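The primary structure of each chain is shown beneath.
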Amino acid sequence: SSYDNSSSTYFRLSERNNQNSQKVIFGKGNLIKNGNLAMVIVVGTMLDAVLQAVEGLDVGILYYTTINPFDFDILNSIRSDKLVICEPYYGGPILSKITENFSGKSLRIYSINVPKKFIRSNGSVKYHDEFFGFDVLSIREKIKRAIGEP
């Protein structure tokens, strides 16, 4: 059988889903929260952990379900000189888009992603979250360092 609804359809092939449901428009970013000290760009399944990690921090949350096409309009409307990119894969795809888009502007960019090295360990999702620093406490510490909080 086939699935044809005449539009793009997204299938998440992951053990994890975000528990906080968001209204998603294909190819559009979703501003979840405003903040003054930095804008945290979150991709896919990292949303729940990031939302928990930023509780009480004065940072914004911009959520993307797709990086191609990438919604520059919403990103361009953000007035922050600090960006924290949280992507659940090897870093780079969003960073290259941002650096091209903001060429000539002064930005401080921090990344939370899978390191570019060969991973030789197996384990559960929880194990990998802790290994890569995708658990709530690790994400919170990285974001706090990015915004200059102890």
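Just above sits the structure.
Residues numbered from 1 in each chain as written. Predicted model: local features only at pLDDT ≥ 70, side-chain atom pairs only at ≥ 80, totals over all residues. Heavy atoms only, no water.

Enquirer: Sorry if this is basic, but what is going on with the overall build of the protein chain here?
Expert: Each helix and strand counted, the protein chain has five helices and five strands in total. Taking all 150 residues of the protein chain together, the buried fraction comes to 41%. Within the protein chain, contacts between residues at least 6 apart in sequence are counted, and of these 67% link residues at least 24 apart. Total accessible area on the protein chain stands at roughly 9100 Å², and carbon and sulfur atoms take up 49% of it. (Helix = DSSP H or I, 4+ residues; strand = E, 2+ residues; numbered from the N terminus. Buried < 20%, exposed > 50% of the residue type's maximum accessible area, 1.4 Å probe, protein only. Contact = heavy atoms within 4.5 Å. Areas by Shrake-Rupley, 256 points an atom, 1.4 Å probe, with all protein chains shown as cover.)

Enquirer: Could you clarify how one ought to interpret the nonpolar core in this entry?
Expert: A general tendency of soluble globular proteins is for nonpolar side chains to be buried together. Formed by 24 residues in total, the largest nonpolar core has its most connected members in V40, V50 and I143. Of all elements in the fold, only strand 2 (39–43), helix 1 (47–53), strand 3 (60–64), strand 4 (82–90), strand 5 (108–114) and helix 5 (136–147) reach the threshold of two or more residues within this core. Excluding residues that lie within four positions of it along the chain, I143 makes contacts with V40, V54, L57, V59, V84 and I112. Core analysis: the next-biggest nonpolar cluster, separate from the first, contains 15 residues, M39, V43, F70 and L75 among them. (Core = buried A, V, L, I, M, F, W, Y, C linked by side-chain atoms within 4.5 Å.)

Enquirer: Where do I start with the sheet that holds strand 5 in this structure?
Expert: Sheet strands pair by backbone hydrogen bonding; their relative direction is either parallel or antiparallel. The strand order across the open sheet formed by five strands is 1-3-2-4-5, and the pairing between neighbours is mixed. The sheet is open, and its two edges are formed by strand 1 (30–33) and strand 5, each paired on a single side. Each neighbouring strand pair of the sheet contributes to a mean axis angle of 25 degrees, computed without reference to strand direction. Inspection of the sheet shows strand 1 paired to strand 3 by three bridges, in the antiparallel sense. Paired with L31 across the bridge in strand 3 is L62. (Pairing = 2+ DSSP bridges. Axes fitted to C-alpha atoms, helices over the stretch in contact; angles between N-to-C directions.)

Enquirer: Looking at this structure, how should I read the pattern of salt bridges?
Expert: Pairs can form between side chains of opposite charge once their charged atoms are near each other. Applying the stated criterion across every chain yields a total of one salt bridge. As a salt-bridge pair, E130 and K126 come within 2.8 Å of each other at their nearest N and O atoms. Of this pair, E130 and K126 both sit in helix 4 (residues 125–132), four residues apart, which is roughly one turn of that helix. Judged by its relative accessible area of 45%, E130 is partly exposed. (Salt bridge = Lys/Arg side-chain N within 4 Å of Asp/Glu carboxyl O.)

Enquirer: What is the right way to read the side chain of H128 from this model?
Expert: Relative to the helices and strands, H128 is located in helix 4. The residues touching H128, leaving out its near neighbours within four places in the chain, are S121, N122 and G123.

Enquirer: Honestly, the packing of aromatic side chains in this entry has me stumped. Any pointers?
Expert: We describe a pair of aromatic rings using the distance from one ring centre to the other and the angle between the two ring planes. Scanning all chains against the criterion turns up five aromatic pairs. Between Y64 and F70 the ring centres are 4.4 Å apart and the planes differ by 10 degrees, which places this aromatic pair in the stacked class. Its relative accessible area of 0% is what places Y64 among the buried residues. Note on F70: relative accessible area 10%, which makes it buried. Taken together, a centroid distance of 5.9 Å and an interplanar angle of 25 degrees make the contact between Y127 and F131 stacked. (Phe/Tyr/Trp six-rings, centres within 6.5 Å; stacked < 30°, edge-to-face > 60°.)

Enquirer: How should I be thinking about the side chain of N113 in this particular structure?
Expert: Tracing the chain through its elements places N113 in strand 5. In this structure N113 comes out as buried when scored by relative accessible area, which is 18%.

Enquirer: Hey, could you run me through helix 4 in this one?
Expert: Spacing of three or four residues puts side chains on the same side of an α-helix, whose turn is 3.6 residues. Looking only at helix 4, the buried set comprises H128, D129 and F132. Looking straight down helix 4, one finds its buried side chains confined to an arc of 105 degrees; they lie on one side. The inward-facing, buried residues of helix 4 contact strand 5 and helix 5. Just downstream of helix 4 lies G133, where phi reads positive at about 80 degrees. (Arc of directions from axis to C-beta.)

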